[in-house]
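Geometric and topological summary
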Amino acid sequence: MKITKIEAGKISIPLKVPFITALRRVDTAEDLVIKVHTDDGAIGWGSAPATVVITGDSHASVAAAIKEVMAPQLIGLDIDDREEILARISRSMAHNTSAKAALDIAVHDLFCQHYGLPLYRFFGGLRTRIASDLTISLNDPETMVRHALAAVQRGYTSLKIKVGTDAALDIRRVQAVRHAVGPDVAIRLDANQGWKAKEAVRTIRRLEDLDLGIEFIEQPVAARDLDGLKFVTDHVATDIMADEAAFSPYDVFQLLSRHACDLLNIKLMKAGGLQAAAQIAALAGACGVTCMMGCMLESKIGITAAASLSAGTPVITLNDLDAADLMAADPVSGGIVYDGNELCLPDAPGLGIADVAGWEAW
Ligand SMILES: C[C@H](N)C(=O)N[C@@H](CCC(=O)O)C(=O)O
Ligand SMILES: [Mg+2]
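Given the structure is predicted, the values throughout are model-derived calculations rather than measurements. (Residues numbered from 1 in each chain as written. Chains lettered and ligands numbered in written order. Predicted model: local features only at pLDDT ≥ 70, side-chain atom pairs only at ≥ 80, totals over all residues.)

Let us now look at the overall build of the chain. Counting its regular elements, the chain contains 12 helices and 17 strands. Rg of the C-alpha trace for the chain: 20 Å, near the compact-globule value of 21 Å for 362 residues, within the 12% margin. Along the first, second and third principal axes, the C-alpha atoms of the chain reach 60 × 40 × 35 Å. Counting only residues that meet the buried cut, the chain has 51% of its 362 residues in that class. A separation threshold of at least 6 residues defines the contact pool for the chain, and within that pool the share at least 24 residues apart is 73%. (Helix = DSSP H or I, 4+ residues; strand = E, 2+ residues; numbered from the N terminus. Rg over C-alpha atoms; globule rule 2.2 N^0.38 Å. Buried ≥ 20, exposed ≤ 12 C-beta atoms within 10 Å, placed from the backbone. Contact = placed C-beta atoms within 7 Å.)

Per-residue confidence for the chain gives a mean pLDDT of 98; residues scoring 70 or more make up 100%. Two summary scores accompany this predicted model of the complex, namely pTM at 0.98 and ipTM at 0.99. (pLDDT = per-residue confidence, 0-100.)

Further remarks concern the domain arrangement of the chain. When cut into domains, the chain gives domain 1 (3-115) and domain 2 (121-356). Counting from both sides, the interface comprises 37 residues of domain 1 and, opposite them, 39 residues of domain 2. Listed by contribution, the elements that provide at least two residues to the side of domain 1 that touches domain 2 are strand S1 (3-20), strand S2 (25-38), strand S3 (43-49), helix H2 (82-91) and helix H3 (97-114). The leading source of residues in the side of domain 1 that touches domain 2 is H3, at 11 residues. (Domains from an automatic or database assignment.)

Our focus in this paragraph is the environment of Phe-19. As for its placement among the helices and strands, Phe-19 is situated in strand S1. Each C-alpha atom, one on Phe-19 and one on Leu-256, is 31 Å from the other, the two residues being 237 residues apart in sequence. Residue contacts for Phe-19: discarding those within four places in its chain leaves Val-26, Ser-137, Leu-297 and Leu-326.

A few words on the UniProt feature "domain: Mandelate racemase/muconate lactonizing enzyme C-terminal" (unreviewed entry) in the chain. In this numbering, the UniProt entry assigns the feature "domain: Mandelate racemase/muconate lactonizing enzyme C-terminal" (unreviewed entry) to residues 141-239. The span residues 141-239 is 52% helical and 16% strand by assignment, and the distance between its end C-alpha atoms comes to 24 Å. (UniProt positions renumbered as here; feature names shortened; annotations may be inferred.)

Okay, the site of ligand 1 next. Around ligand 1 lies a shell of 16 residues, among which Thr-135, Met-296, Leu-297, Asp-320 and Ala-323 are the nearest. Among the residues making up the shell around ligand 1, the classes are represented as 5 nonpolar, 5 polar and 6 charged. Counting the residues that make up the shell around ligand 1, at least three belong to each of domain 1 (3-115) and domain 2 (121-356). (Near = placed C-beta within 6 Å. Nonpolar A, V, L, I, M, F, W, Y, C, P; charged D, E, K, R; others polar.)

Not every positive phi belongs to a glycine, and Asn-192 is a case in point at roughly 40 degrees. If you trace the backbone, Asn-192 turns up in the loop between strand S7 (186-190) and helix H7 (197-209).

Within the open sheet, the 8 strands sit side by side as S5-S6-S7-S8-S9-S10-S11-S12. Their pairing is parallel. Every interior strand has two partners, whereas the edge strands, strand S5 (134-136) and strand S12 (316-319), have only one. Going from strand to strand, the sheet's axes swing by 30 degrees on average, the running direction of each strand aside. Together, strand S10 (263-266), strand S11 (291-293) and S12 form the strand contacts of helix H11 (residues 274-287), whose direction differs from that of S10 by roughly 170 degrees. (Pairing = 2+ DSSP bridges. Axes fitted to C-alpha atoms, helices over the stretch in contact; angles between N-to-C directions.)

With respect to the secondary-structure elements, Ala-50 resides in the loop between S3 and helix H1 (59-74). Sequence spacing of Ala-50 and Leu-297 is 247 residues, and the spatial spacing of their C-alpha atoms is 8.6 Å.

Let us now look at the sheet that holds strand S17 (residues 360-361). The sheet built from 4 strands is open, its strands ordered S3-S2-S1-S17 with antiparallel pairing. Of all strands in the sheet, those with a lone pairing partner are S3 and S17, marking the two edges. In this structure, S1 lies alongside S2, joined through 13 bridges in antiparallel fashion. Of the residues in S2, the one forming a bridge with Pro-14 is Thr-28. Along the sheet, H1 contacts S1, S2 and S3; its crossing angle with S1, the most-contacted strand, is approximately 160 degrees.

Two elements in contact, helix H6 (residues 167-181) and H7, have axes whose closest approach is 10 Å; the angle formed by their N-to-C orientations is 25 degrees. The pairing of H6 with H7 is recorded here as roughly parallel in orientation. When you trace H6 past H7, the crossing you get is right-handed. Between H6 and H7, the residues in contact are Ala-167, Asp-170, Ile-171 and Val-174 and Glu-199, Thr-203, Arg-206 and Leu-207, respectively. Among the residues making up the contact of H6 with H7, the classes are represented as 4 nonpolar, 1 polar and 3 charged. (Parallel < 35°, antiparallel > 145°, perpendicular 65-115°, else oblique. Left-handed = near helix turned anticlockwise from the far one by under 90°.)

What follows deals with helix H9 (residues 249-257). For an α-helix the count is 3.6 residues per turn, leaving residues at separations of three or four pointing the same way. Buried residues of H9: Val-252, Leu-255 and Leu-256, and no others. Mapping the buried residues of H9 onto a view down its axis gives an arc of 90 degrees, with all of them on the same face. Along H9, exposed side chains directed more than 90 degrees from the buried face belong to Tyr-250 and Ser-257. On the buried face of H9, the contacting elements are helix H8 (226-235), strand S9 (239-242), S10 and H11. Phi turns positive one or two residues past the end of H9, at His-259, with a value near 55 degrees. (Arc of directions from axis to C-beta.)

Right, let's get into the pairing of S10. Of the two faces of S10, the one holding Leu-263 and Asn-265 and the one holding Leu-264 and Ile-266 are both buried throughout. Pairing geometry for S9 and S10, over 2 bridges, is parallel. Bridge pairing in S10 places Met-241 opposite Leu-263. In this view, the connection linking S9 to its parallel neighbour S10 by way of H9 has right-handed handedness. Pairing between S10 and S11: 3 bridges, direction parallel. Its bridge partner being in S11, Ile-266 is matched across the sheet by Met-293. (Right-handed = clockwise from strand over helix to strand, strands pointing away.)

Right, here's the structure in full:
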């Protein structure tokens with residue numbers, strides 16, 4: 001089962017409502033979808049969204065990295081030599097984690113198709129369904145309340161509230177949502193690097209004084225500010241999760257050895273794929289640190305890959321895998337199925353993806 005051709009194409013998917021964080025606003029999701037062909041006619045699917053403000057990767061840079069640098073090193077390799085293929089992807093160039101992730105996902109898809117194994121079983125097959133939160137984008141408090149109530153109505157029991165623009169307004173946003181949804185819905189916050197360290201401590205302590213029942217807070221300060229992240233972690237009672245500060249296994253080693261965070265958000269697009277993400281989970285597990293499987297604003301291809309790893313990995317007990325459920329259409333046939341607040345893992349081999357509507361070579 002040798003790799004013969006690698007193609008890239010782009011898909012656009014409308015969102016139910018604009019996705020707004022402290023870092024960016026997106027009105028239509030776009031995903032670079034890659035197909036890795038083999039000499040026996042199989043296709044491995046992979047994908048990567050452009051998140052220039054987080055990974056530095058655009059669709060053009062992902063496509064160029066794959067076509068010009070990575071693909072030439074993979075053509076002709078046998079999919080059974082998985083470790084060699086993944087090592088070549090990882091060593092091919094510095095950074096470019098989204099391009100690496102797209103290829104790594106497709107290689108895992110092909111390997112599991114070859115052995116008739118659903119991807120979540122490859123990773124341990126612990127669970128067949130996993131629960132996710134749903135993200136409430138940054139808006140005025142009234143709009144966020146409306147979106148939060150709609151999410152609860154759809155069966156979500158955990159909401160990830162985006163904050164990080166203006167600390168005083170952020171507190172009003174969280175107060176309004178908590179007041180509207182009541183005490184039984186879990187609320188976690190994501191500041192997407194929006195606060196300064198001391199401002200974060202003041203804001204989080206205020207949220208604690210108001211007894212708003214916040215489960216944890218993601219990435220309060222700038223990604224590069226590890227001392228600031230540790231300062232916040234050390235000075236509040238609420239658990240702090242590293243997101244943009246935690247890309248590679250090495251980043252995670254730095255964070256954990258300094259005790260700079262309480263929790264980790266693992267994403268395929270930051271780690272560079274499933275293999276590195278699994279290494280991060282193993283590192284966290286060894287240190288007794290709980291992980292969340294997160295995602296970028298990406299289609300069901302990446303979400304199915306991430307959910308498969310999460311479903312098989314005991315240390316990943318939290319999930320923020322809502323991206324494809326934030327979209328108003330689903331061009332991907334197969335893969336996970338959203339059922340209320342849960343994702344059901346496919347039992348077909350690999351990712352279980354049959355086709356992607358609207359895919360055009362790019
Ligand atoms: C989509 C997911 N719930 C999420 O919020 N992911 C990111 C931001 C992703 C993006 O900007 O595409 C996060 O910061 O956790
Ligand atoms: Mg985040």
